[in-house]
Amino acid sequence: MVTAYLLTSTAVTPLWGKVSDIYGRRIIFQLAITIFIIGSALCGLAQDLPQLIAFRALQGIGGGGLFSIAFAIVGDIIPLRDRGRYQGYFGAVFGLSSVAGPLLGGYLTDAINWRWIFYINLPVGIAALIITSMALKLPVVKREHSIDYLGATLIVAAVSSLLLYLNWAGERYGWQSAGPVALGLLAFVFAGIFIFVEMRAREPIIPLRLFRNSVFSIGTLSSFLIGLAMFGALVFLPLYFQAVKGMSPTRSGLATVPTVIGIVSASIISGQLISKTGRYKIFPIVGAAIFSVALLLMSTIGVDTAYPQIAIYAFMIGIGLGLSMQTVTTAVQNSVEHRDMGAATSSVTFSRSLGGAIGTAFLGAIFGTTLARTLENDFSNAGVSMVGVEPNNIDAIQTMSEPIKGIVLSAYAHSIDTIFLWAAPFAVGAFLSNFGLKELTLRTASSESTTPIKTSEPVAGDD
């Protein structure tokens, strides 16, 4: 159910950005919102798990356009010199929603039923449609266009094959099983054909010429590495609180508030400073450095580590992410022509999402392997039988008797420490790559002047 949304939302992100470049942001943004609303309604109406998985995939198709097009709209209407401030607001909203969403979802599930975690999207989405219809006024640019259907199909196929390989190989069949390996090979084949097609397409989904732009190349690489390390931290920290500290899902969500405070404060402050000074390069460098140190510190926590100490490390993670994520998006937008704004913005979002998807699968596989090996060794060394022990049942861990409980808790803590240790080199990679990020003068116009291209008929959806 989770993978279905992750797969489709990641795969279609570049397509949304490119289509919005061609047909106009508002109409395509509203289309993405509408698909997300329909998918949410169908998820709430689902009668079995296969239906829910299918509808989650549909919901993901709409969700893939929400982030990238929203950032592109900011790129259209906000001067780059002021954009840091607004990107900071976006980072703050992202941080707040990353905690408020799970908390609200848990409350709705407990107070009403699980279907309302999807139904709640309907009034919010309808309000978004009304607001964008009334208040979102964007410039009209007429241009010749053609949609690269073959490129869109190939990138969806490549990303889908890769994510299914990582998910199935890591969790079900093993990394060397024939079926998953075939999917991995297909991912490389589709990616190779995609590059070949994009080099010759009239309107490529991802214009490969953008990679000749060093800011774009480094920005997408940094976003990928940050996404890979970030999702490892954000996924496994709540697991630590629930499995090792015995917190409920709601309490574990509240325990991550220091991370949110760090993201919100760093996003807003860095955004204000970028708008004031016009300088941005220092922020992703410092942010990735703090994030790397925080992950290394997180790799030292144990069963008895006090929460205030963990909260400081979590706050540092938030600071690092808040300084890194939106600043790179601003730098990339500043370095490309306005005609490529949607494609460039969606490429950064796509890189971060792809990194997160790969990181979740990769680090999850490491966690599972480490936990199983540690439990086997520790139970053997203690001379205690594992018969009847269910270490994967988090609720049951706290009711276990000693010494079994202590062994299981220690194994969980060690395995999660290993995850943070594995995530740290990717954050260090982002730190090193950010040094190559050129600091260009932030433009003072919301978009560079573009001479419209005359067409024989109006472009449908231009607004």
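About the criteria used
Residues numbered from 1 in each chain as written. Predicted model: local features only at pLDDT ≥ 70, side-chain atom pairs only at ≥ 80, totals over all residues. Heavy atoms only, no water. Helix = DSSP H or I, 4+ residues; strand = E, 2+ residues; numbered from the N terminus. Rg over C-alpha atoms; globule rule 2.2 N^0.38 Å. Buried < 20%, exposed > 50% of the residue type's maximum accessible area, 1.4 Å probe, protein only. Contact = heavy atoms within 4.5 Å. Lys, Arg positive; Asp, Glu negative; His and termini not counted. Charge placed at Lys NZ, Arg CZ, Asp CG, Glu CD. Core = buried A, V, L, I, M, F, W, Y, C linked by side-chain atoms within 4.5 Å. Patch = residues over 30% accessible without salt bridge, like charges linked within 9 Å, V, L, I, M, F, W, Y side chains within 5 Å. Areas by Shrake-Rupley, 256 points an atom, 1.4 Å probe, with all protein chains shown as cover. Salt bridge = Lys/Arg side-chain N within 4 Å of Asp/Glu carboxyl O. Axes fitted to C-alpha atoms, helices over the stretch in contact; angles between N-to-C directions. Parallel < 35°, antiparallel > 145°, perpendicular 65-115°, else oblique. Left-handed = near helix turned anticlockwise from the far one by under 90°. Phe/Tyr/Trp six-rings, centres within 6.5 Å; stacked < 30°, edge-to-face > 60°. Expected span 1.5 Å × (residues − 1). Polar contact = N/O pair within 3.5 Å; in protein donor to acceptor, adjacent residues only side chain to side chain. Nonpolar A, V, L, I, M, F, W, Y, C, P; charged D, E, K, R; others polar. pLDDT = per-residue confidence, 0-100.

Draft legend 1. Focus on the overall build of the protein chain. Across its full length, the protein chain holds 16 helices and zero strands. A globule of 463 residues ought to have a C-alpha radius of gyration of about 23 Å, and the protein chain, at 23 Å, matches this closely. A principal-axis box enclosing the C-alpha atoms of the protein chain has dimensions of 80 × 50 × 45 Å. Going through the 463 residues of the protein chain one by one, you find that 52% of them count as buried. Considering only intrachain contacts with a sequence separation of at least 6, the fraction spanning at least 24 residues in the protein chain is 81%. Each charge class in the protein chain can be summarised by its mean position, and for the 28 positive and 24 negative side chains these summaries are 9 Å apart.

Draft legend 2. Expanded view of the side chain of S222. With respect to the helices, strands and loops of the structure, S222 is situated in helix α9 (residues 214-243). Residue S222 is classed as buried on the basis of its relative accessible area, which comes to 2%. Here S222 is in contact with V328, A430, S433 and N434, once residues within four sequence places are set aside.

Draft legend 3. Quick peek at the nonpolar core. One finds F291, L295, M298 and V408 to be the most contacted residues of the largest nonpolar core, which totals 50 residues. At the level of secondary structure, the elements contributing two or more residues to this core comprise α9, α12 (282-298), α13 (307-335), α14 (341-382) and α16 (404-434). If one sorts the elements of this core by residue count, α16 sits on top with 14 residues. With near-sequence residues (within four places) excluded, L295 lies in contact with A229, A233, I317, F420, A423, A424 and A427. Core analysis: the second largest hydrophobic core is formed by 21 residues, L183, V197, F350 and A357 among them.

Draft legend 4. Focus on a nonpolar patch on the surface. A surface patch of nonpolar side chains, amounting to about 370 Å² of accessible area, comprises M1, V2, L49 and I53. Inspection of the secondary structure puts L49 in helix α3 (residues 49-77).

Draft legend 5. Molecular detail of the packing of helix α1 (residues 2-23) against helix α2 (residues 25-45). Running from amino to carboxyl end, α1 crosses α2 at an angle of 155 degrees, the nearest separation of the two axes being 9 Å. Relative to α2, the element α1 is oriented roughly antiparallel. The way α1 lies across α2 gives a crossing that is right-handed. Here Y5, W16, G17, V19, S20, D21 and Y23 of α1 lie close against α2, whose contacting residues are R25, I27, I28, L31, A32, I35 and F36.

Draft legend 6. The arrangement of the side chain of N434 in detail. For N434, the position within the fold is in helix α16. Ignoring any residue separated from it by four or fewer positions in sequence, one finds N434 in contact with S222, K281, P284, I285 and A288.

Draft legend 7. Structural detail: the packing of aromatic side chains. Counted under the stated rule, the structure contains 10 aromatic pairs. The interplanar angle of 80 degrees and the centroid separation of 5.7 Å between the aromatic rings of F362 and W422 together place this pair among those described as edge-to-face. On the criterion of sequence distance, the pair formed by F362 in helix α14 and W422 in helix α16 is long-range, its members being 60 residues apart. Residue classification places F362 among the partly exposed residues on the basis of a relative accessible area of 25%. Given a relative accessible area of 43%, W422 falls into the partly exposed group. Seen in terms of ring centroids, F431 and F435 are 5.0 Å apart; in terms of plane orientation they differ by 85 degrees. Their pairing is edge-to-face. F435 sits in the partly exposed class, given a relative accessible area of 44%. Among the aromatic residues, those joined into a cluster by ring pairs are F236, F367 and Y412.

Draft legend 8. Focus on α12. Compared with the 24 Å implied by 1.5 Å per residue over 17 residues, the 24 Å span of α12 between its first and last C-alpha is a close match. Every buried residue of α12 is listed here: F283, P284, I285, G287, A288, F291, S292, A294, L295 and M298.

Draft legend 9. A look at the environment of K281. Structurally, K281 can be placed in the loop between α11 (257-277) and α12. Its relative accessible area of 24% is what places K281 among the partly exposed residues. Separated by 47 residues in the primary sequence, K281 and V328 have C-alpha atoms spaced 8.4 Å apart. Excluding its chain neighbours within four sequence positions, the residues that come into contact with K281 are N434, F435, L437 and E439. Here the side chain of K281 touches F435 through a polar contact of 2.9 Å, landing on its backbone oxygen.

Draft legend 10. Layout of the packing of α11 against α13. Interhelical geometry of α11 versus α13 gives an angle of 35 degrees and a closest axis separation of 6 Å. When you trace α11 past α13, the crossing you get is right-handed. Between α11 and α13, the contacting residues are P258, T259, I261, G262, I263, S265, A266, S267, S270 and I274 on the first element and Y307, A311, A314, F315, I317, G318, I319, L321, G322, L323 and T327 on the second. Counted by class, the contact of α11 with α13 contains 13 nonpolar, eight polar and no charged residues.

Draft legend 11. Region of the structure containing the confidence of the model for the protein chain. Looking at the protein chain, the pLDDT average stands at 82 and 91% of residues meet or exceed 70. Helix α4 (residues 80-111) is the least confidently modelled element of the protein chain, averaging 74 in pLDDT, while α12 averages 94, the highest of any element. Here residues 446-463 is modelled with pLDDT under 50, and outside its nearest four sequence neighbours on either side it reaches 44 contacts, counting other chains as well.

Draft legend 12. Spotlight on the environment of L45. Along the chain, the position of L45 falls in helix α2. Each residue touching L45, except ones within four places of it in the same chain, is listed here: R115 and Y119.

Draft legend 13. Quick look at the environment of S68. With respect to the helices and strands, the residue S68 is situated in helix α3. A residue is classified by how much of its surface remains accessible, and S68, at 1% relative accessible area, is buried. When the C-alpha positions of S68 and P14 are compared, they lie 8.3 Å apart, and in sequence the two are 54 residues distant.

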